[in-house]
Structure formats: C-alpha cells, structure tokens
Amino acid sequence: MCMWLRMIRQVCFFFLGIVCVTLSNILYRPVYAGEVSGDIELGAQQGRTSTSDNNDVRTKNQTQRLNLDYSDYLYRPWLADYRLGGTLSESNTVRDSDESTTSLTSYRFNGKLFPYSPFPLTLYAIENDTDVTMQTSPDSSIDTKLYGADLKLDFYTLPTTNLFYYGQTTRSNLVSVLSEQDSSTGGINMFKRWEGLTANLRYENSDYSEKYTARSAQANRLTSSWVYRPSDTLQTSVVYSDYQRKSDNPDATFDPLYSDQDSRSHNVSMLWNPTKRVNIGVYGNYFLDDYEASRREARDGRVNIDYNLTDHLSAFASGYELHTDLNGEAYNSRDKRSGLAYTRAVLFGSLELQGRLSGGRFTRQIESANETQQQDGSFNQTGGRAELGLQMGSLMVSPYYDVNYGYNGQSNIHATKTVQQEKGLRLDGAVLGGRLNGNVSYTTLEQESDMTVNSEQFRSYLNYEHRVLQRATVKLQAGSSYTKGHVENATFTEFTQTENTEVHTSYNRIDYVTPVFGSNVLCSGSYLTENRTNQSGVEEHNKLFDVRFTHQFGKLFSEAGFMRKQSETGGIVTEDSIWFAKVRRDFSFGDK
C-alpha cells in the first residue's frame, strides 16, 4: 500500500511541476525591446508657371515629414500584439506674395487580442488633424477620427462570424464647408461553406448626423447570398439585398445621406446542363427603389435553352418578360426568340478561318398605360474571321480581317441592316535585340434603318523596349486614334437631322533609364507629346519633359530632378517649370 501511495504522490508532484512550469512560462516574459521603424523625409520644390497672356506665377515649397511606428506584444505573442504609429508633417508654400502652411498630425493604433485563437479581436483607431494657415484667407482645420473593432469567431461547427463596428468624426471650419459630421456603422457578417452549398449573410446599421444643418438619419442594410452546386451540371444562386434609410428631418429631400429611401433587390438564377448537348438557364429579378417622390418597382424573368444538334450546329430559344410600375403607371414587355446558329473554324497551315451564322424569329409585345404594341419579325447575323500568322525571324506578324453582317426585320417599322468590318495587323516578337509589340486596326460600321449611322475608327499603338549595355534601358511608345461618325435621323418626314463627329488623338513617349558612370546613381528621363482634337474642333497639345536622378545607399534614398510641362488649348499656352529634390531615411531598430 505504501508503495502505491508513493507512486501516486510522485505522479501528482510530476504533474504539479508541469503545471507550475507552464504557468511560469506563460506569466513570465523575458525583457525584449519592441521594434521601432519609420522614415524621415525632406523635400523642396521650386516652380514657375507662365502663360501666353504674360501671367507668370512663381512657387516655392518645402516639406518635412516624420513617420514613426512601434510594434510589440504583451506577455506572449499569442496573447496580444499591437502597433502604434504617428506622422508629423509640415509643408510651406510661397506663391508670389501669398504664403500658406499646412501641418498634419496623425496617430494610429492597431491591436489584436488572442491573434492565433479561433476568436481574435482587432481594435484600431486613426486620427488626422490638418491645419492650414494662409496670409490672404482665414485659417482652416480639418479633424478626422476613425475607430472600430472587429471580432472574428471561427469554429468548426458554426459559420465564420465577424462582429464589426467603426465610427468616424469629421470637424471643419473651412469657409466653404461649415460642418461637423459624425457617422458610425456596426453589424455582423457570417460565412459558411458546406458540401455543395455556400452561404453569406451581412447586416449593417449606420447612423449619420451633421451638426451645422441639424440633419440626421439611420440606415439598415441586409444582404444575403446562397450558391448551391451539387454537381458540375447544376448551379443555383439566390441573392437578397434590402436597404432602408429613415431621416429624422422631413425637410431633407433628395440627399444621398439624410433623406428617406427604401431599396430592395432579389435575384434568382439556375444553370443546368442535363446532357452535354443541352444548356438551360433560368433567371429572375425583383427591384424596388422608393426614393422621396419617386417609386419604381420592376420584376423580370428570362429562360434560355440551347441544344447542340451537332458539333457546329445548335438551336436556341429564349423568353423574356418585364413588368415595371413607375409612380403608379404599369408597363409590361414580352420577348420570345428562337433560331439556329452555326459556327465553324478550320486551319490551313498558318491561316485560320472562322465562320458564324445565326438566324431566327422573334415576337415582342409592349403594353403601356394607354396602348399595346405588337411586333414580330426575323433576325440573322453572318460573320467570319480570317487570321494569318507569319513568322519573320523572331517576329510574329499576324494580319486579320473580321466582318459581320446583321439584319433585324420588324413588322411595323423599317428593318435594320448592319455591316461591321475590322482590318488589322498585330506584331509581337524580338527585333534588334529588343521586344516589339503593337497593333494597327481600321474599323467601319454602317447601319441603315430609320436612323442611318456611319462610323470609321483607326487605332494603332506600338511599344518597343531595348536594353542597352547591361543596365540601361530605352522604351519607345507611340499610338494614335481617329474616329469619324455620321448620323442621319429620318424618323420625321418634315426634316432630316444630321450630326457629324470627328475626334483625333495621338501620343509619342520615350523613356530612358541608365546608371551614371557605373555608379549607384540612376538617371531616368521621359519625353511625352500628346495631341487631341475633339468633336467641336478644339485642338489641345501637351508636352512633358521629365529627368530625375535617384540614389539609394542602404536605407538612405535621395531624388532630384527637373520637369517641364507645356500645354496649349484654344490658342492659350501654359508652361510649368519645376525643380524638385527629396531625401528620405528609413530606419528600424529593436527586436521582439
């Protein structure tokens, strides 16, 4: 008996020792220094703006910024970790005789409690204070606060749940914005995935208030989605959304935050492929938007059926119905279509040919408040594409031609005929030790009905990048587009309305990057020209020249350069010349 008692006592002391060691490891934390990181930045800029009407403005700017972050944990990393940070910056700008100073003070905090557990809690807070002092205008300040919490519950048997809350306060005494706004949002988000079923549910409650106008409102939003896919041949989905906002101020009309609004939308869809040849799609939607004096309610449904008779020939049928109620006035529309479609692609060496042919009939019925319109007719579309791939050394040249002919004949209005063609050439490959890619295309569209439309468009772009020596790189870019359109409306027999449009754009850009005399200083330059002519005939020309030197030694980064911009619009020329320099020092020390 004594032997058994001694064994039991030894076992108890053994487990007691394990418990004591475990508790000591949990409660005792060695002294570690937290990690401190951040950067210091100094910048200066001097510029001059001149216009063709002899209006010159000189600008000087100096900026100082300190960014600091401290990260650490409490007791053990599994208990809590946090990160504290702040930013101090000041920018002084002298513009001719006017001087302004902008100061920014920013604080931030982010912490996690039990970050490695199934229920991590995240707390965060951000505050930004901006003060602007000007010689010729009243001082102004903006204070923005953002804080919140997020609790994540992740268990095997329950859906993943997030409880979130955040609030924001903005105060301003700007002359143009005399307001103080508060907002807060809280809610819950749940997500769960079962075998073949995925569900998501989210609820939000928001409060808004504005002190200056004494307006306030409360809003609730509920969204839910369910996707069921038991196999590769069937998928169904349901999406539900509801938004309600109630204003405490009856006089707040047509305001995006402080007026009454009731919006709902429901969507149901099903995609079913019972066999490899049959595809069935069913869709349904419901929409309600009740916003002040306007109320719109709509319901629509669609059914599509595709049956592949052969590998290239298929039959299709669809039915669509829409019911709309706008401010008490009902509107119904029904559309039924059926037809055949044939597609084929063949390959002759490097030449690829594709063909498309489809046609069918349709019936459309429109019921408005006062009348019913019945339309029926036929439609067809024929098209094809030819592309030839030519390998010229390491360069692939691919000319192509794409054409589509469409016809839509209706019983009570003129038929619509459409012809669209696109001719183009694609380039891709290595040329002269560099990489070249580009595309040139010309597209035309002709459409004849009650309204005749003719348009043509030319588009091109070309990119070439070449590495010179070992580290220097030059990149050339060019592109242009030209669009011309003509619309002739002959719906009314008394007159004919004609409208012409013509737009031109083009650009050229050169980028060059190279080290300076084999050092760690990198020189980069850019030259850009842009030309535009809008449909009113107004021409715009822009030029940009930018050269800068950058150097990085460890955690010290410096940059200096010159930029010149010139723009001409409507005969007025504006030139900007800017010298700039910036030095940034990153730092970090300490160890957890």
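What counts and what doesn't
- Residues numbered from 1 in each chain as written.
- Predicted model: local features only at pLDDT ≥ 70, side-chain atom pairs only at ≥ 80, totals over all residues.
- Heavy atoms only, no water.
- Helix = DSSP H or I, 4+ residues; strand = E, 2+ residues; numbered from the N terminus.
- Buried < 20%, exposed > 50% of the residue type's maximum accessible area, 1.4 Å probe, protein only.
- Contact = heavy atoms within 4.5 Å.
- Areas by Shrake-Rupley, 256 points an atom, 1.4 Å probe, with all protein chains shown as cover.
- pLDDT = per-residue confidence, 0-100.
- Patch = residues over 30% accessible without salt bridge, like charges linked within 9 Å, V, L, I, M, F, W, Y side chains within 5 Å.
- Salt bridge = Lys/Arg side-chain N within 4 Å of Asp/Glu carboxyl O.
- Phe/Tyr/Trp six-rings, centres within 6.5 Å; stacked < 30°, edge-to-face > 60°.
- Core = buried A, V, L, I, M, F, W, Y, C linked by side-chain atoms within 4.5 Å.
- Polar contact = N/O pair within 3.5 Å; in protein donor to acceptor, adjacent residues only side chain to side chain.
- Pairing = 2+ DSSP bridges.

A look at the overall build of the protein
Then comes step 1: Each helix and strand in the protein was counted, giving one helix and 29 strands.
Then comes step 2: Counting all 592 residues of the protein, 24% fall into the buried class.
Then comes step 3: The contacts of the protein with a sequence gap of at least 6 include a subset with a gap of at least 24, amounting to 48%.
Then comes step 4: Accessible area for the protein stands at about 37300 Å²; split by element, carbon and sulfur atoms hold 57% of it.

Regarding the confidence of the model for the protein
Detailed reading of predicted coordinates is not advised where the pLDDT is low.
Then comes step 1: Put simply, the protein has an average pLDDT of 86, and 89% of its residues get 70 or more.
Then comes step 2: The low-confidence segment residues 1–11 (pLDDT under 50) makes zero contacts with residues lying over four places distant or belonging to another chain.
Then comes step 3: Residue range residues 492–496 is modelled with pLDDT below 50. Its contacts to residues more than four positions away, or to other chains, number three contacts.

Things to note about a nonpolar patch on the surface
Then comes step 1: The grouping of Ile40, Leu42, Leu66, Leu88, Phe553, Leu556 and Val583 at the surface amounts to a nonpolar patch, some 620 Å² of accessible area in total.
Then comes step 2: One can find leucine 66 in strand β2 (residues 57–74).

Regarding the pattern of salt bridges
Then comes step 1: A full pass over the atoms with the stated rule returns 29 salt bridges.
Then comes step 2: Note that arginine 202 and glutamate 204 form a salt bridge whose closest N and O atoms lie 2.6 Å from each other.
Then comes step 3: Judged by its relative accessible area of 18%, glutamate 204 falls in the buried class.
Then comes step 4: With a closest N to O distance of 3.8 Å, lysine 582 and glutamate 559 form a salt bridge. Of the two residues, lysine 582 sits in strand β29 (residues 572–591) while glutamate 559 sits in strand β28 (residues 556–569), which places them 23 residues apart along the sequence.
Then comes step 5: Overall, the relative accessible area of 13% leaves glutamate 559 in the buried class.

Quick notes on the packing of aromatic side chains
Then comes step 1: For the structure shown, the criterion picks out six aromatic pairs.
Then comes step 2: Ring geometry for tyrosine 70 and tyrosine 82: centres 6.3 Å apart, planes at 45°, overall tilted. Residue tyrosine 70 is found in strand β2, and its partner tyrosine 82 is found in strand β3 (residues 80–95); the two are separated by twelve residues along the sequence.
Then comes step 3: Overall, tyrosine 70 belongs to the partly exposed group, its relative accessible area being 27%.
Then comes step 4: For the pair phenylalanine 316 and phenylalanine 379, a centre-to-centre distance of 6.4 Å together with 40° between the ring planes defines the contact as tilted. Remark: phenylalanine 379 occurs in strand β18 (residues 372–388) and phenylalanine 316 occurs in strand β15 (residues 313–326); sequence separation between them is 63 residues.
Then comes step 5: By relative accessible area, phenylalanine 316 is classed as partly exposed at 22%.

As for the nonpolar core
Then comes step 1: Of all hydrophobic cores here, the largest spans five residues; its members are Tyr208, Ala217, Ala219, Tyr243 and Tyr258.
Then comes step 2: Beyond its immediate chain neighbours, meaning those up to four positions away, tyrosine 208 contacts Asp182, Ser183, Arg215, Ser216, Ala217, Ala219, Leu257 and Tyr258.

A few points about the side chain of arginine 364
Then comes step 1: Within the secondary structure layout, arginine 364 lies in strand β17 (residues 351–367).
Then comes step 2: For arginine 364, a relative accessible area of 18% translates into the label buried.
Then comes step 3: A distance of 3.1 Å separates the side chain of arginine 364 from the side chain of aspartate 335, its partner in a polar contact.
Then comes step 4: Once you skip the residues sitting within four places of it in the chain, arginine 364 turns out to touch Arg334, Asp335, Arg337, Gln373, Gln374, Gln375 and Gln410.

Describing the pairing of strand β23 (residues 451–468)
Then comes step 1: Bridge count between strand β22 (residues 434–448) and β23: 14 bridges; the pairing is antiparallel. Looking across to β23, one finds that glutamine 447 is bridged to valine 453.

Notes on the environment of aspartate 325
Then comes step 1: Tracing the chain through its elements places aspartate 325 in strand β15.
Then comes step 2: It is 8.0 Å that separates the C-alpha atoms of aspartate 325 and arginine 295, two residues lying 30 residues apart in sequence.
Then comes step 3: Here aspartate 325 is in contact with Arg295, Arg296, Glu297 and Ala330, once residues within four sequence places are set aside.
Then comes step 4: Within polar-contact distance, the side chain of aspartate 325 engages the backbone nitrogen of glycine 328 at 3.0 Å.

Notes on the pairing of β2
Then comes step 1: The pairing of β2 with β3 spans 16 bridges and is antiparallel. Bridging across to β3, tyrosine 70 finds its partner in leucine 84.
Then comes step 2: Hairpin connection between β2 and β3: a loop of five residues separates the two successive antiparallel strands, and tyrosine 75 in this loop has a positive phi of roughly 60°.

Remarks on unusual backbone geometry
Then comes step 1: Residue tyrosine 75 is not a glycine yet carries a positive backbone phi of 60°.
Then comes step 2: Turning to its location among the elements, tyrosine 75 is positioned in the loop between β2 and β3.
Then comes step 3: The partly exposed category is assigned to tyrosine 75, whose relative accessible area is 47%.
Then comes step 4: Although it is not a glycine, asparagine 327 sits at a positive phi angle of roughly 55°.

A closer look at the environment of proline 115
Then comes step 1: Following the sequence through the fold, proline 115 ends up in the loop between β4 (98–113) and β5 (121–134).
Then comes step 2: Expressed as a C-alpha distance, the spacing of proline 115 and leucine 79, which sit 36 residues apart in the sequence, is 7.1 Å.
Then comes step 3: Discounting chain neighbours no more than four positions away, the residues touching proline 115 are Pro77, Trp78, Leu79, Ala80, Asp81 and Pro120.

Thoughts on the side chain of serine 89
Then comes step 1: Relative to the elements of secondary structure, serine 89 occurs in strand β3.
Then comes step 2: Its relative accessible area of 18% is what places serine 89 among the buried residues.
Then comes step 3: Ignoring anything within four residues of it in the chain, the contact list for serine 89 reads Gln64, Arg65, Thr102, Ser103 and Leu104.

Digging into the environment of tyrosine 166
Then comes step 1: Its place among the elements puts tyrosine 166 in strand β7 (residues 160–173).
Then comes step 2: Using a relative accessible area of 34% as the deciding quantity, one classes tyrosine 166 as partly exposed.
Then comes step 3: Contact partners of tyrosine 166, with chain neighbours within four places excluded, come to Tyr124, Leu146, Tyr147, Gly148, Ser183, Ser184 and Thr185.

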